[in-house]
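Residue-level structural notes
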Amino acid sequence: MSKRLILTLGASIAVVAITGAAVIYTNGGGGSAEPADTSNLETVQVRDMVEVTTLAGTLGFPESDPVAARANGTVTAVAEGGALVVEGDQLFAVDGEPVVLLLGALPAYRDLGLDPVLHPVAPGRQGTVTSLPAAGDLIPFGGELLRIDDVPVILLEGDVPAWRVLRNGSTGRDVEQLEAALVSLGYDPDATVVVDEEFTAATEAMVREWQEASGLEVDGRFTPGDAVFLPGPAEIEQVQASVGTFASPTAPILTAQVGAEPIEGDDVRQLQEALVRLGHEVPVSGVFDEATRTAVTAWQRAVGAEPDGVVHLGEVVFLPEPVRVTDALVTVGRPVSNGTPVLATTGSSSVVLLGLPADDQSLLAVEQTVTVELPDGSEAEGVVVSISGVATRLQTGAVVFETTIELLDATVGADLDQAPVDVHVVTDSRQGVTAVPVTSLLALAEGGYAVEVSDGAGATRLVPVTPGLYADGWVEVSSDGLAPGDEVVVP
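Residues numbered from 1 in each chain as written. Predicted model: local features only at pLDDT ≥ 70, side-chain atom pairs only at ≥ 80, totals over all residues. Heavy atoms only, no water.

Considerations on the sheet that holds strand S10 (residues 97–103)
Read across the open sheet, the 5 strands follow the order S22-S10-S9-S7-S24; overall the sheet is mixed. Edge positions in the open sheet fall to strand S22 (316–319) and strand S24 (335–336), since each of these has one partner strand only. In the packing of helix H3 (residues 266–277) onto the sheet, contacts are made with S10 and S22, and the angle to S10 comes to roughly 95°. (Pairing = 2+ DSSP bridges. Helix = DSSP H or I, 4+ residues; strand = E, 2+ residues; numbered from the N terminus. Contact = heavy atoms within 4.5 Å. Axes fitted to C-alpha atoms, helices over the stretch in contact; angles between N-to-C directions.)

Here's what the structure looks like:
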């Protein structure tokens with residue numbers, strides 16, 4: 001460690017090494033000196049002075065945790081070592097699906113999409129299952145869900161489950177639901193049915209027409225098992241029975257998705273913020289709504305992913321910043337599973353690492369601003385982001401605390417790695433002090449210091465001074481016999 005001093009005058013900054021006073025001057029106790037060479041004079045100035053301590057550091061990129069897969073499959077693409085991966089770029093691909101980097105502090109832990117609403121489906125009547133849909137089939141209103149004893153069970157729109165026989169004269173909310181469902185399917189073209197809670201002759205006629213068209217027994221009565229009421233078209237999620245199974249009226253044999261509801265959370269907000277940065281219009285609300293689904297679908301098309309409107313776990317990796325790939329840990333064609341490390345990376349922004357000597361712990365503190373001098377002599381501002389609380393003993397025996405300094409301009413040092421740098425730390429400063437050139441300072445035989453002050457006529461006098469800070473070849477002095485504007489002799 002060496003000490004350097006910075007003196008500022010106006011907008012300029014200069015740095016010099018500290019020098020001690022030279023030349024022991026014997027005055028003999030007199031107030032005036034012998035006539036001296038006054039051909040080289042400097043004016044006493046008022047200056048701002050700063051003392052700086054310099055520490056040796058190393059510029060490089062901080063090592064990051066490996067980027068791991070979150071899905072099972074085969075690696076079909078992987079970023080090369082040395083690549084800088086920024087937000088929106090592909091890190092690797094699994095089974096042809098890209099895994100994309102998005103910026104965020106919260107790691108992905110679940111699928112992000114509209115939450116499916118699932119309903120169990122029971123046939124409503126007993127008998128042998130003679131026909132079933134397949135998982136993934138979409139059944140519209142009026143469509144056939146399954147068959148019991150080769151008689152269809154139809155899907156109708158409604159929230160109230162079928163629980164009784166409805167006939168002419170029946171009243172209730174379930175009657176109104178049946179009328180509304182059949183009217184919406186077009187079974188009342190002449191508008192003869194009043195959609196209310198009364199089962200009338202017009203209702204019976206409409207039910208007969210529907211039964212005939214659907215392949216049901218035509219008797220004008222609605223019987224549980226003729227239809228299942230659900231609030232939306234049914235996408236078959238799971239089939240729990242098989243053809244030939246004997247079904248009871250109330251035992252579910254299908255699970256159907258009948259729509260989706262918004263989910264919410266900080267991870268949703270993080271996704272929305274990333275989508276906005278990537279140019280997609282979406283409200284940053286923390287609620288995954290229909291607008292978010294639309295934006296996700298557009299983003300998936302743009303990156304070459306399946307455009308299903310759901311960000312599946314493993315489809316993106318959230319990291320706080322872009323990364324540099326140091327090595328691909330898995331080659332194309334290798335299988336991966338949830339948690340398999342795929343890429344070794346470092347951070348994208350340069351940092352300075354230094355060992356803060358134990359004796360100089362008070363020099364630095366977290367969030368303190370410092371100046372970093374790069375190998376080419378240029379300077380950049382940095383801030384201390386961490387100081388280890390555990391001391392490290394070096395092979396030399398020195399005890400240090402590992403310290404990390406982040407450069408405020410992320411572009412500085414982007415092409416440098418493991419480069420030596422100097423870290424300048426301000427340790428003391430003076431504002432508006434009287435200063436003279438260091439070379440004008442004379443050490444007196446009887447002790448103390450003085451300067452030779454010109455009287456303007458070729459003669460000089462010795463003026464005692466008390467030195468303070470040294471900087472840029474100048475030294476702060478205090479003296480009753482010296483004032484700014486005086487001229488002092490320099491060698």
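After that view, the rundown keeps rolling.
Overview of helix H4 (residues 290–303)
With 14 residues, H4 should reach 20 Å at 1.5 Å per residue; the first-to-last C-alpha distance of 20 Å fits that figure. Regarding H4, the residues found buried are Thr292, Ala295, Val296, Thr297, Trp299 and Gln300. Here the buried face of H4 lies against S10, H3, strand S21 (287–288) and S22. Between the side-chain oxygen of the N-cap and the backbone nitrogen of Ala291 there are 3.3 Å, and the N-cap of H4 in question is Asp289. (Expected span 1.5 Å × (residues − 1). Buried < 20%, exposed > 50% of the residue type's maximum accessible area, 1.4 Å probe, protein only. Polar contact = N/O pair within 3.5 Å; in protein donor to acceptor, adjacent residues only side chain to side chain.)

Focus: the sheet that holds strand S23 (residues 323–328)
One key point about sheets: their strands pair by backbone hydrogen bonds, in either a parallel or an antiparallel sense. Strand order in the open sheet formed by 4 strands is S6-S25-S23-S8, with antiparallel pairing between adjacent strands. Each edge of the open sheet carries a strand with a single partner, namely strand S6 (67–68) and strand S8 (84–85). Examined bridge by bridge, S6 and strand S25 (residues 341–347) share 2 bridges and lie antiparallel to one another. When the bridges of S25 are listed, Ala68 appears paired with Pro341.

A few points about the nonpolar core
In terms of nonpolar packing, the biggest core is built from 19 residues, with Leu55, Val352, Leu364, Val370, Val372 and Val423 touching the most fellow members. Residue assignment for this core shows that the elements contributing at least two residues are strand S5 (45–60), strand S26 (351–357), strand S27 (369–373), strand S28 (379–387), strand S30 (399–407) and strand S31 (419–437). In terms of residue count, S31 provides more of this core than any other element does, 4 residues in total. Sequence-distant contacts of Val352, defined by excluding residues within four places in its chain, comprise Gly57, Thr58, Leu59, Val372, Thr403, Thr404, Ile405, Leu407, Val421 and Val423. (Core = buried A, V, L, I, M, F, W, Y, C linked by side-chain atoms within 4.5 Å.)

A look at the packing of aromatic side chains
Think of a pair of aromatic rings as described by two things: how far the centres are apart, and how the planes are tilted against each other in angle. The tally for this structure, following the rule as stated, stands at 2 aromatic pairs. Site record: aromatic cluster; members linked through ring pairs are Trp210, Phe222 and Phe229. Its end group placed over the ring of Trp474, Arg47 keeps NZ or CZ at 3.9 Å from the ring centre. (Phe/Tyr/Trp six-rings, centres within 6.5 Å; stacked < 30°, edge-to-face > 60°. Lys NZ or Arg CZ within 6 Å of the ring centre and 35° of its normal.)

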